Structures are given as C-alpha cells and as structure tokens.
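# Structure assessment
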Amino acid sequence: MIFSGTANPQLAKGIADYLDMPLSEASIKRFSDGEINIQIAESVRGKDVYIVQPTSAPANANLMELLIMVDALKRSSAKSITAVIPYFGYARQDRKAAPRVPISAKLVADMLETAGVTRVVTIDLHAAQIQGFFNIPVDNLYGAKLFIEYIKQKNLPNPIIASPDIGGVARARYFAEILGLEMVIVDKRREKANESEVMNIIGSVEGKDVILIDDMIDTAGTMVKGADALKAQGATSVMACCTHPVLSGPAYDRIENGSIDELIVTNTIPLKQESAKIKVLSAANLLGEVIRRVNNNESVNSLFSK
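Quick caveat, the model's predicted, so the values are computed rather than measured. Residue numbers restart at each chain and count upward from 1, following the sequence in its written direction. Only residues with pLDDT of 70 or above have their local features reported here, since the model is predicted, and side-chain atom pairs are shown and tallied only from 80 upward, although totals for entire chains, interfaces and linings are computed over all residues. Processing note: side-chain calculations cover all non-hydrogen atoms of the structure and skip hydrogens and water entirely.

Take the sheet that holds strand β7 (residues 138-141) next. Pairing within the open sheet is parallel, and its 5 strands lie in the order β1-β4-β5-β6-β7. If you trace the sheet from one side to the other, it starts and ends with β1 (2-4) and β7, each paired once. Between one strand axis and the next, the sheet turns by 20° as a mean value, whatever way the strands run. In this analysis, strands are considered paired if DSSP registers two or more bridges between them. Numbering goes from the N terminus for both helices and strands, where a helix is a DSSP run of H or I of at least four residues and a strand is a run of E of at least two. Bridging between β1 and strand β4 (residues 48-52) involves 3 bridges; their strand directions are parallel. For serine 4, the partnering residue across the bridge sits in β4 and is valine 52. Helix axes are fitted only over the stretch in contact, all axes being lines through C-alpha atoms; the angle between N-to-C directions runs from 0 to 180 degrees.

And the structure:
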C-alpha cells in the first residue's frame, strides 16, 4: 500500500501510476493551533506500507507529519513501514563541524526508527555516511540515472563534467565515467552557511560545454558563482544538474540573472515557481521501480550498474 503526505502528492501519484495501483487514503488535517491530525482511512493490518514524504520546506512540519503517519500505521498493525523520503532534510548537519553544534541528521534518523520506520528509501543523500546513522536498511539511490539520458539527448558539441566544490568530486566523477567525459573542479572557499566565494578552476574549460553536477541547489550562490567563474575561463555554455531543487531565498533571481544557461532538477521537491531556465525531470518511475524491487526482494543495486 502506498500513502502520501502533503509535501509532494504529485510525486506520490506518479509512483502509484507507475506501479498501476491507487494511492491509499489517509485524512491529514491541522488543528487550529497547527497540530497535525492524521487518520488512516483503510485497513493496513499485515500490509507492507510505503509513505512518500520528502522533508523539504517547511521541513519541521513535513517531518512531524511523516512521524505521526508512521505512528498511526504502526498502531494499525502494518507489517512493514518504508519511508520514501526523496529529499532527506537536515542531511547537511551530518557531523560536528564546530564546537557545541548538533548532528541533526542522526537525530532525525533516531526519530524515524523510534516512530516505527523499518526501511528508508531516499535519493542522493547530502552525505553518504548518513546511512550509518540508521540501524535499518537505507536505499540511497543515485540521482545520476535521471540525468544521463537527458544529457545524452542534448548532443552537446564539446561537453565536460564539473564539480562545484571539492566535496562533490565523487559524484561528478561518477557522471564523468558513465558519460566517458573529462572532469574539472570549481575550487571555492565558503566563509559561512549559504554563502560561497569561488576561487579558481582546476582544469581547462576553454571552448567547453560545462555540465555542473550537485546533489542540491539551495540559494544558488555556489552554482551561479561557479558558472560565472567557468564562463570567465572560456566555457561556451554552463548547464547545471541538481537532484533536489531546494531553491530558497534569492535562488530564482540568481538563476534568472546568472550565467547558468539551463538548470536541470528532479521533482523530489515541488518547485515554488516556474522558470524558463529550469527543466524538471520526474523521479516517479525510478522510485516506483525501486519500491517494486524492494517489495519483491529483488536487487536494487543492479538498477544503477554502469
């Protein structure tokens, strides 16, 4: 059975359509003070249940909604509860990077397990080690699969892959190996959260069609400044591929007015507004196929083999 929270019902509907089954019914309401009230409208006794709910903005409300729905399903005797969290919020706080700070990703993992989640399916965790915060199976899917065909169809005359920072090198290298392309790195120094300063480009982009690869785009500062630096070094065009379109604060203005020629994202998070520069690819079929394989005890990893 597949249930949807209120964070991304369109994606949940797409997953259900891929699996040729209806979305199961649940009543999700708010009390006047904002508390969440959930009632499962169908029997789930002995069923394998999947809840589709990214913990994107408003992150706290969507996370609480997921936890409360899990609790309702557990108390209704569901056999298993898989949280399908296309975008895993709080993933950026995955270690103690400074004194007296939390490891929020670990806290969220603990809450999900305590609520009753028996498995997690997500796409492009910001830090792969978050899988180790769980004592239950976690399927961290590669968003690259969603972008590869689109990139090939563009038939770019002189393409090259770029990582927007040192931390994203492994992700960019994965793309480069699949597509048989070379790779460059944008070396930047981040002075504080959500602000970045591009320093230099490691590699040559003269006359190249650059494909910037990242897991998410938030305020778009990193991507836009990276694109500016790449074009300053002679890049012909800059396309950015980011799995999760967080797009908060000044992101849309920066994209519209910046050097990025095209931004490719997926629908793990619904867009707040449309933009001629932004192309959205659906993750519904990928998530639907993974759910089918998990439910039939088939290999998920073979879906991403090169």
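We are not done yet, so read on.
For the rest of this paragraph, the subject is the nonpolar core. Only buried residues count toward a nonpolar core, which is a set of Ala, Val, Leu, Ile, Met, Phe, Trp, Tyr and Cys residues joined through side-chain atoms within 4.5 Å. Working definition: with a 1.4 Å probe on protein chains only, accessible area under 20% of the residue-type maximum means buried, over 50% means exposed, and in between means partly exposed. Within the largest apolar cluster, 39 residues are counted, with the highest numbers of intra-cluster contacts made by Ile15, Leu141, Phe175 and Leu287. Counting only elements with at least two residues in this core, the list comes to α1 (9-18), β4, β6 (119-123), α4 (144-154), α5 (169-179), β11 (209-217), β12 (237-245) and α8 (284-295). In what follows, residue pairs with any heavy atoms lying within 4.5 Å of each other are defined as contacts. Setting aside its immediate chain neighbours within four residues, leucine 287 contacts Leu11, Ile15, Val84, Pro86, Val121, Ile123 and Leu141. Judged by nonpolar contacts, the second largest core, of 35 residues, contains Leu66, Ala72, Leu73 and Leu125.

Moving on, we get to the side chain of aspartate 124. Looking at the secondary structure, you find aspartate 124 in the loop between β6 and β7. For this count, His and the chain ends are skipped, Lys and Arg are scored as positive, and Asp and Glu as negative. Salt bridges, as used here, are contacts in which a Lys or Arg side-chain nitrogen is within 4 Å of a carboxyl oxygen on Asp or Glu. No salt bridge is formed by the buried aspartate 124; the nearest opposite charge belongs to arginine 171, separated by 4.8 Å. Every residue in contact with aspartate 124, bar those within four places of it in the chain, is listed here: Asn140, Leu141, Tyr142, Gly143, Asp215, Thr243 and His244.

Moving on, we get to the pairing of β6. Across the 5 residues of β6, 4 count as buried, placing the element largely inside the fold. Note that the unit made of strand β5 (residues 80-85), helix α3 (residues 104-115) and β6 has a crossover that is right-handed. When the strands point away from the viewer, a crossover counts as right-handed if the path from the first strand over the helix to the second runs clockwise.

All we've got here are geometric facts, nothing functional implied.
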